[in-house]
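Spelled out, the chains give:
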Amino acid sequence: MGLCESTLPQVGRDLRPQEKDVLKSPLIIFVVGGPGSGKGTQCRNMATKYGFCHVGLGQLLREEAQSSTQRGRKIRDIMQQGLLVPTGLILDMVCDNLLARPKSRGFLIDGFPRELEQAKEFERIVGRAPNIVMVFDCSMETMVRRVLQRGQVEHRADDSEPAIHKRLETHYTLCEPVLTFYQQKNLLRNILAEEAPESIFAKCCFVIESLQ
């Protein structure tokens, strides 16, 4: 049986004033890019170097889908149907994750926002925009090649070639309005992600250090 749309929150829960206060001071960096763009690897590197918390949205969703909570069961059903997880559930998960680390000096939120509604809803709930949005720029050919290589190593079900092309098409369609939204706020920082990992990491560090 499919899930009734009305049971799925399209908006996240509102944060209490003291919760918003907790999220005023840390750096909040959104990191976006298609599957295989290398953003996960670089987020882990940046988190280690700068002492930030790496919040990987894909990983969060996979972990939540394996849990036996009501939210976990909803997310599992949605993902099994190949549908997008509603914005409200995504925002609740992201905010819970940030609030669980009140002492963190910075957050790298990897794979978020996936669509414009998530970007706007984050600002409404948290009461602020991110400090910057890093965009990992990579050709489709490079991303497909990298994801196929990863699939051979990690045996992830969503890393087959037809699934990759579908995910990339969805990513580009949903991401374009997000990039325009942040471009207008002058928050976009493009990272050319075709080069060697060390070279890409140096560019990421340059962007972060320009904030401090």
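What counts as what
- Residues numbered from 1 in each chain as written.
- Predicted model: local features only at pLDDT ≥ 70, side-chain atom pairs only at ≥ 80, totals over all residues.
- Heavy atoms only, no water.
- UniProt positions renumbered as here; feature names shortened; annotations may be inferred.
- Helix = DSSP H or I, 4+ residues; strand = E, 2+ residues; numbered from the N terminus.
- Buried < 20%, exposed > 50% of the residue type's maximum accessible area, 1.4 Å probe, protein only.
- Contact = heavy atoms within 4.5 Å.
- 1 Å grid on protein atoms, 1.4 Å probe; cavity = no way out; pocket = protein on both sides within 12 Å on 5 of 7 lines; lining within 4 Å.
- Points joined across faces, edges and corners; volume = space filled by probe spheres on them.
- Nonpolar A, V, L, I, M, F, W, Y, C, P; charged D, E, K, R; others polar.
- Arc of directions from axis to C-beta.
- Core = buried A, V, L, I, M, F, W, Y, C linked by side-chain atoms within 4.5 Å.
- pLDDT = per-residue confidence, 0-100.

As named in an unreviewed UniProt entry, the chain is Adenylate kinase isoenzyme 1-like, taken from Mesocricetus auratus. According to its UniProt record, the chain has this under Sequence similarities (unreviewed entry): "Belongs to the adenylate kinase family."

Participant: Lay out the environment of Cys205 with the relevant residues and their values.
Facilitator: Here Cys205 is to be found in helix α9 (residues 197–209). Judged by relative accessible area, which is 7%, Cys205 ranks as buried. Expressed as a C-alpha distance, the spacing of Cys205 and Tyr182, which sit 23 residues apart in the sequence, is 20 Å. The contact partners of Cys205, leaving out residues within four places of it in the chain, are Lys49 and Tyr50.

Participant: With reference to specific residues and values, describe empty space enclosed by the protein.
Facilitator: Taken as a whole, this structure holds one cavity of 30 Å³ or more when the rule is applied. Considered as a void within the structure, the largest cavity measures approximately 40 Å³ in volume. Lining of the largest cavity is provided by Leu84, Val85, Ile90, Arg114, Glu115, Gln118 and Leu174. Each residue belonging to the lining of the largest cavity can be placed in one class, and the counts come to four nonpolar, one polar and two charged.

Participant: Go over helix α3 (residues 57–66) with me, naming the residues and quoting the values.
Facilitator: Along α3, the residues classified as buried are Leu57, Gly58, Leu60, Leu61, Glu64 and Ala65. Angular distribution of buried residues about the axis of α3 spans 160°; they occupy a single face of the element. If you follow the buried residues of α3, they end up packed against β2 (53–56), α4 (70–80), α5 (87–99) and β3 (106–110).

Participant: How would you explain the nonpolar core if you had to name every residue and give the values?
Facilitator: Formed by 38 residues in total, the largest nonpolar core has its most connected members in Phe30, Val94, Leu98, Ile109, Phe112, Phe122 and Tyr182. By residue number, the principal contributor to this core is α5, which donates eight residues. With residues up to four places along the chain from it excluded, the contact list for Leu98 reads Leu23, Ile28, Val55, Phe107, Ile109 and Phe122.

Participant: Before we move on, could you go through the confidence of the model for the chain and cite the residues and values that matter?
Facilitator: When pLDDT is low, close inspection of the predicted coordinates is not appropriate. Confidence in the prediction of the chain, expressed as mean pLDDT, is 90, and 94% of residues score 70 or more. Mean pLDDT across the elements of the chain bottoms out in helix α7 (residues 140–154) (88) and peaks in strand β1 (residues 27–32) (98). Low pLDDT, under 50, characterises residues 1–7; the predicted model gives this stretch eight contacts beyond four residues in sequence or across chains.

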